[in-house]
Each structure stands twice: as C-alpha cells, then as structure tokens.
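Results of the structural survey
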Amino acid sequence: AQSVTQLDSQVPVFEEAPVELRCNYSSSVSVYLFWYVQYPNQGLQLLLKYLSGSTLVKGINGFEAEFNKSQTSFHFRKPSVHISDTAEYFCAVSDKRGSARQLTFGSGTQLTVLP
Amino acid sequence: NAGVTQTPKFQVLKTGQSMTLQCAQDMNHEYMSWYRQDPGMGLRLIHYSVGAGITDQGEVPNGYNVSRSTTEDFPLRLLSAAPSQTSVYFCASSSDRGTTGTQYFGPGTRLLVL
C-alpha cells in the first residue's frame, strides 16, 4: 500500500513570486508519480507525471516537478505564478506492479495567488 | 468528444433513500473508476473497472455498488444513503492497461444526504 503526504494544506503567494508545493510518499514498491490540479467546481486535470528517466519533469506554463528517490519526494515548483494558477493541487502515486490504475492521492494543497 | 460526463451535478437525498450516479465516457477507455472527495482527505477510490463486465473494490467500497455492462457507462449506486456519504463524487477513465495512463476526470456530482 502507498500513502501520500502533502505537507502544506494552504499556500498563499504573491503574483510573480516563485512557489514550491511539497509532496512526500511512502511505498514498499516502485511507483509512478503525478500532480493534478483542480479549479473551483471542476474535475481534476493532469499537470505532470513521472514514469521513469530524468528526475526533473517539465510541464506546460512553466510548471515542473522533481523526483527524489532517496527522500521519497516529488515536489512541484513554478518560478513565477499568476492569478490564474489559484487552484487546489493534488499529488498522487500509483503502483508500478498493478494492472489497474489505482491512484492514491494526497490531501491537497490550496494555492492562492495574491495580487 | 465530450470526455467524461456525470449526472446529476447536484443531489439532495434523505437518509435511507437510494440513487444512481451516472458516468459516461466517449473515448473508448477500458478503465473507469469512482472516487469520493472529502475536505482535507483528497480523493479516495470507491470502485473501479478494467473493462465491461469486470469491477473491483477500491479503498472505500462499503455502501456502494457498481456494474459495467458497456465500455461507455459506469454507474455508481447508493443502496441506502447515509449522512457519511455526503461528498463530491468524481468519475474518471483511462486508456491503457498499465498504470502510466493519464486519468480523465468528470466534473463531479455533489451529494448531500440529510
């Protein structure tokens, strides 16, 4: 079984400032790692995923996340945030061995970008 | 493509009532799943299906039933609603058999059980 801990439930940040959202996971097997975003009253959308290879994963709009196996972390970063980035962000993992896509989610981090 | 659609968007039930949450996808995805989202707890998997006629339990299956008679549809049934089932329910689908596939989420159904 896996578990995911998102270390901050709320992150307020001023527009154009950098932000890091922290995610740690626990698993006895190798996992795939994901970041999803949820805008108000909408479903979740995939932002980034780490499957293998380079530990730095880059997404659209300047988002990136870095996998650190020794620290079992997958922290999410953006060098300069915009008001439109205000949303809830979820880190998730899935078991590499499994034949079905059972995602285990963290509790979420509400990112609020202030003008 | 409409993607993943869910109906209804909102529902209020009384304790003991039953209802079915509908989920449909038009992407010919094999894998579909139901999650519930509660404040401070993220999303938790209720049931999932890897294809028509095949379903299995997730982390929190009690009080819910599912069936998968077609590739497109994956309804979630509440047999006897309880206040603890007040939540936001999301349906998701994914295309490939491995665990690497992106999951596509519907807009959610907000359920209040009185």
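Structural data are supplied above this passage.
These numbers were taken from a predicted model, which means no experiment stands behind them. (Residues numbered from 1 in each chain as written. Chains lettered and ligands numbered in written order. Predicted model: local features only at pLDDT ≥ 70, side-chain atom pairs only at ≥ 80, totals over all residues. Heavy atoms only, no water.)

**Details of the overall build of chain B**
Inclusion rule: In this description a helix means any DSSP run of H or I spanning at least four residues, a strand means any run of E spanning at least two, and both kinds are numbered starting from the N terminus. The quantity called the radius of gyration is restricted to C-alpha atoms. Its globule counterpart is 2.2 Å times the number of residues to the power 0.38. A 1.4 Å probe rolled over the protein chains alone gives each residue an accessible area, and that area as a share of the maximum for its type sets the label: buried under 20%, exposed over 50%, partly exposed in between. The criterion used for residue contact is that any of the two residues' heavy atoms lie within 4.5 Å. Throughout, the Shrake-Rupley method with a 1.4 Å probe supplies accessible areas, and for residues the shown protein chains are the sole cover considered. Only four residue types enter the charge count: Lys and Arg as positive, Asp and Glu as negative, with His and the chain ends excluded. Lysine's charge is taken at NZ, arginine's at CZ, aspartate's at CG and glutamate's at CD.
Looking only at helices and strands, chain B features zero helices and 11 strands. In sequence order, the secondary structure elements of chain B are arranged as β-β-β-β-β-β-β-β-β-β-β. Radius of gyration (C-alpha) of chain B: 13 Å, near the 13 Å computed for a compact globule of 114 residues. Buried residues in chain B amount to 48% of all 114 residues. The contacts of chain B with a sequence gap of at least 6 include a subset with a gap of at least 24, amounting to 54%. Put simply, chain B shows about 5100 Å² of open surface, and 52% of that area lies on carbon and sulfur atoms. For chain B, the centre of its 8 positive side-chain charges and the centre of its 8 negative side-chain charges are spaced 11 Å apart.

**Observations regarding the state of the cysteines**
Residues and elements named next belong to chain A. Let me state the cut-off plainly: Cysteine sulfur atoms that come within 2.5 Å of each other are treated as a disulfide pair.
All told, the structure shown has two disulfides over all chains when counted by the stated rule. Between the sulfur atoms of cysteine 23 and its disulfide mate cysteine 91 the distance is 2.0 Å. Looking along the S-S bond of the cysteine 23-cysteine 91 disulfide, the torsion reads about -65 degrees, which is the left-handed sense. In this pair, cysteine 23 is assigned in strand E4 (residues 23-26) and cysteine 91 in strand E10 (residues 87-95), connecting sequence segments 68 residues apart.

**What about the nonpolar core?**
Keep this limit in mind: Definition of nonpolar core: a set of buried residues of the types Ala, Val, Leu, Ile, Met, Phe, Trp, Tyr and Cys, connected through side-chain atoms within 4.5 Å.
In terms of nonpolar packing, the biggest core is built from 28 residues, with Leu33, Trp35, Leu48, Phe74, Phe76 and Tyr89 of chain A touching the most fellow members. Counting 19 residues, the second-largest nonpolar core is a separate cluster that includes Leu21, Met32, Tyr64 and Leu78 of chain B.

**Remarks on the sheet that holds strand E7 (residues 64-66) of chain B**
All names here are of chain B. Quick reminder of the rule: At least two bridges found by DSSP between two strands are what make those strands a pair. Angles run from 0 to 180 degrees between N-to-C directions of axes, and those axes are lines fitted to C-alpha atoms, restricted for helices to the stretch in contact.
Pairing in this open sheet of four strands is antiparallel, and the strands run E1-E3-E8-E7 from one edge to the other. The open sheet has two edge strands, strand E1 (4-7) and E7, and neither has a second partner. Averaged over all neighbouring strand pairs, the angle between strand axes comes to 20 degrees, with direction disregarded. In this sheet, strand E8 (residues 76-78) lies alongside strand E3 (residues 19-25) in antiparallel orientation, the contact comprising three bridges. By the bridge assignment, threonine 20 is partnered in E8 with arginine 77.

**Brief notes about unusual backbone geometry**
Going from threonine 7 of chain B to proline 8 of chain B, the amide bond is cis rather than trans, its omega being -5 degrees. Along the chain, proline 8 of chain B turns up in the loop between E1 and strand E2 (10-13). A positive phi angle is found at asparagine 41 of chain A, which is not glycine, with a value near 60 degrees.

**Observations regarding the packing of aromatic side chains**
Applicable threshold: Aromatic pairs are defined between Phe, Tyr and Trp rings, using the six-membered ring for Trp, whenever the two ring centres lie within 6.5 Å; interplanar angles under 30 degrees are classed as stacked, those over 60 as edge-to-face, and all others as tilted. When the NZ atom of lysine or the CZ atom of arginine is within 6 Å of a ring's centre and also within 35 degrees of its normal, the charge is said to sit over that ring.
Tallied over the entire structure, the rule returns 15 aromatic pairs over all chains. Between tyrosine 36 of chain A and phenylalanine 105 of chain A, the aromatic rings sit 6.0 Å apart at their centres with planes inclined by 55 degrees, giving tilted as the arrangement. Here phenylalanine 105 of chain A lies in strand E11 (residues 104-105) and tyrosine 36 of chain A lies in strand E5 (residues 31-38), a separation of 69 residues in the sequence. Tyrosine 36 of chain A sits in the buried class, given a relative accessible area of 0%. With a centroid separation of 5.6 Å and 80 degrees between ring planes, the pair formed by tyrosine 36 of chain A and phenylalanine 105 of chain B is classed as edge-to-face. Pair noted here: tyrosine 36 of chain A is in strand E5 and phenylalanine 105 of chain B is in strand E10 (residues 104-105), and the two residues belong to different chains. For phenylalanine 105 of chain B, a relative accessible area of 11% translates into the label buried. Here the aromatic cluster, defined as three or more aromatic residues joined through ring pairs, consists of Phe34, Tyr36, Phe90 and Phe105 of chain A together with Tyr35 and Phe105 of chain B. Here the guanidinium or amino end of lysine 78 of chain A rests over the ring plane of phenylalanine 63 of chain A, the centre of that ring lying 4.5 Å away. It is arginine 68 of chain B that lies over the ring of phenylalanine 74 of chain B; its NZ or CZ is 5.9 Å from the centre.

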